[in-house]
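An overview of the molecular structure
Each chain, written out:
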Amino acid sequence: MLNMKSYLLPLLIGVLFLPSCFVADDLFLEEEEVLPLPFEVIVKDSVYFYIKANKALDQKYLSYGYDPLKIIVPKTLKDLELWKGRQNSPDYNQVEVSKAIAELDSIRVAKNLKRQITINHVFSINDQKDSVVNLQKVNFILSNELEVVDYVPLYQIEVSEKQEGLFAKFHFKSPILKAYSYEESRNLSNAFYDYFEEEWLKKDNALDRSYFLKHILQIMELVDMSNEFDVQFIAEQVLISHMRLNRSDIVNYKPIDFSQLYEINEDETLTGYYFFHTFNYQIDDQIEQMSVYVKFNPFYEVERIVESNQEYDPYQK
């Protein structure tokens, strides 16, 4: 078994191309069942000991909690139970019932199909040598004997210890925006979290969920500086970060100024933002200047950058 810091990342990518049958296969169904508390404790203990056994000795494990348990039932088993319930019933042809039971039971035996338990767990692994924190949400799958037999990463990102603190605020909905009272601060902060979380939960694969969570933490880091949601400042800083991290083709990028941030509305619905931005860059040992149009989506992700000669007053904000 690989080190816990690294073993999930290759699987994270692999999940996009080889979905686990436990999650994506339409031959499996989820059943909601009320499970006794001691049973839930045993399942969580099994996950805990599995993680402890597979992490490095110098790594620290921190739990952020679990989602409710679910029971995974192969469709073959559900159908088998259905046909068995029809035995000795005058409403059904017993020859057909026996034939269906025999066929489904042979599939069960051939594929070794069983009910399985699944639980989602949010946790972090902290590499104490370099202060890198690996934040993860993993779907753990357990056998009838309550042993972990498989896992599917739901998201996984590496962050700093400071960013983990911001994640804790996001996860537990701790106030981050200042207001005149604690109640108002909590309400404003919850609205802020809910806005980004709603979009985050729409992501349908581990890679997109991981990428957007990283973006949420970037926004939170900017908000945490002043405890205010300054959209102009956020858009400017997101763009600067984007240019430095993702535009290696622009050498020695140096921001000069920004126009006011404008809303983009379609049919009275906010669909994004835009502004104009001027910066210096280097080409053939010469310093050049460029003005660009920058479009953001409603969640302040850079969507488009186009060279523009439009003049604007950067001080009218």
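Residues numbered from 1 in each chain as written. Predicted model: local features only at pLDDT ≥ 70, side-chain atom pairs only at ≥ 80, totals over all residues. Heavy atoms only, no water.

Take helix α3 (residues 75-84) next. Buried residues of α3: Thr76, Leu77 and Leu80, and no others. Seen along its axis, α3 keeps its buried residues to an arc of 95°; they face one direction. Buried-residue contacts for α3 involve β3 (70-74) and α4 (94-111). (Buried < 20%, exposed > 50% of the residue type's maximum accessible area, 1.4 Å probe, protein only. Helix = DSSP H or I, 4+ residues; strand = E, 2+ residues; numbered from the N terminus. Arc of directions from axis to C-beta. Contact = heavy atoms within 4.5 Å.)

It is worth spelling out the packing of aromatic side chains at this point. Counted under the stated rule, the structure contains 28 aromatic pairs. When the ring of tyrosine 273 is compared with that of tyrosine 300, the centres are 4.9 Å apart and the planes differ by 15°; the resulting orientation is stacked. Note that tyrosine 273 is positioned in strand β9 (residues 269-283) and tyrosine 300 in the loop between β10 (286-296) and β11 (302-307), a separation of 27 residues in sequence. Using a relative accessible area of 8% as the deciding quantity, one classes tyrosine 273 as buried. For tyrosine 300, a relative accessible area of 3% corresponds to the buried category. Geometrically, the ring pair formed by tyrosine 274 and tyrosine 293 is tilted, given 5.5 Å between the ring centres and 35° between the ring planes. Of the two residues, tyrosine 274 sits in strand β9 while tyrosine 293 sits in strand β10, which places them 19 residues apart along the sequence. Here tyrosine 274 falls in the partly exposed class, since its relative accessible area comes to 23%. Taken together, the ring pairs in this structure connect Tyr155, Phe170, Phe192, Tyr193, Tyr195, Phe196, Trp200, Phe212, Phe229, Tyr273, Phe299 and Tyr300 into an aromatic cluster. Above the face of the tryptophan 83 ring, arginine 86 is positioned so that its terminal group lies 4.5 Å from the ring centre. One cation-aromatic arrangement involves lysine 173 over phenylalanine 170; the distance from NZ or CZ to the ring centre is 5.3 Å. (Phe/Tyr/Trp six-rings, centres within 6.5 Å; stacked < 30°, edge-to-face > 60°. Lys NZ or Arg CZ within 6 Å of the ring centre and 35° of its normal.)

None of the figures reported here should be taken as evidence of function without further support.
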